[in-house]
Amino acid sequence: MQRFKFLEVFMLLALAVEPSLSAYTKNPEQRVVQPLTGRRPLGRRSMPDFLSNRLITLSTGSYLLSNQTVTWFEAMDICERLGMQLVTPDTPEKDADVVTVIKRSGMNSYVWISGTDLGIEDTFYWATTGALIGPFTNYGPRLKPDNYFNVEHCLHHFWDNLYWNDYACYARKRFICEVISDPTITLEV
Ligand SMILES: [Ca+2]
């Protein structure tokens, strides 16, 4: 009897702390593993029609320059939700096209690209593909990111000298999304 009383008090305390336990204990249907709540649902994965006429199509692909400034994280997120990816200039040809997009806009803006070393200091990779950056890079005379004040972990493109630079990811810049080309799968039998 004493043991039962203890259990009863414990349950009352538990319910006071976490009211949803009440539903859990009363309704066996809810005793299933629920997906994590609080996470946003996945965004759309296809580009809205109204954006397609703003795409700039060049030899290496189709690009969309934002007209607003956001953090690097938001740029990654927005491109993905539009069914694209933050621009990943991993070849000289793509990098030249990024320069073309920036120059054509006349906006004189720095733009985020998907390079980052978040995770391992000074090991830069493309967050979109997971591939390490190199051998092609475009840091210019600086040759490598300088991690100024130890807060620079995301890459952007300069609009003036057109090199890459590392910068604080939480700064706000314009960005370029690129249309992801359909992957070609080759089966060898
Ligand atoms: Ca820097």
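Everything numeric in this text was worked out from a predicted model, so none of it was measured. (Residues numbered from 1 in each chain as written. Predicted model: local features only at pLDDT ≥ 70, side-chain atom pairs only at ≥ 80, totals over all residues.)

A. Broad picture of the pairing of strand β6 (residues 152-157). Here β6 lies mainly inside the structure; five of its six residues are buried. In this structure, strand β4 (residues 111-116) lies alongside β6, joined through three bridges in antiparallel fashion. Across the sheet, the residue bridging to Val111 is His157, located in β6. Where β6 hands over to strand β7 (residues 164-168), the hairpin turn is made up of six residues, of which Leu162 adopts a positive phi near 65 degrees. (Buried ≥ 20, exposed ≤ 12 C-beta atoms within 10 Å, placed from the backbone. Helix = DSSP H or I, 4+ residues; strand = E, 2+ residues; numbered from the N terminus. Pairing = 2+ DSSP bridges.)

B. Up close: the nonpolar core. If you look at the biggest cluster of nonpolar residues, it comprises 27 residues, and the most contacted ones within it are Leu86, Trp112, Ile176 and Cys177. Those elements that provide at least two residues to this core are β2 (61-65), α4 (72-81), β3 (84-86), α5 (92-105), β4, β6, β7 and β8 (174-179). Leave out the neighbours within four places in its chain, and Leu86 touches Ala75, Met76, Cys79, Trp112, Ile113, Ser114, Thr128, Phe175 and Cys177. (Core = buried A, V, L, I, M, F, W, Y, C linked by C-beta atoms within 7 Å. Contact = placed C-beta atoms within 7 Å.)

C. Main features of the pairing of β7. Where β6 meets β7, five bridges bridge the pair, whose relative direction is antiparallel. Paired with His156 across the bridge in β7 is Asn165.

D. Just the environment of Ile120, in detail. On the secondary structure map, Ile120 appears in the loop between β4 and β5 (125-126). A sequence separation of 33 residues divides Ile120 from His153, and the C-alpha atoms of the two residues are 9.7 Å apart.

E. Inspection of the confidence of the model for the protein chain at higher detail. Residues with a pLDDT of 70 or more make up 72% of the protein chain, whose mean pLDDT is 81. Of the regions scoring below 50 in pLDDT, residues 17-25 engages in six contacts with residues more than four places distant in sequence or in other chains. Confidence drops under a pLDDT of 50 for residues 30-41, and excluding neighbours within four residues, the segment shows three contacts in the predicted structure. (pLDDT = per-residue confidence, 0-100.)

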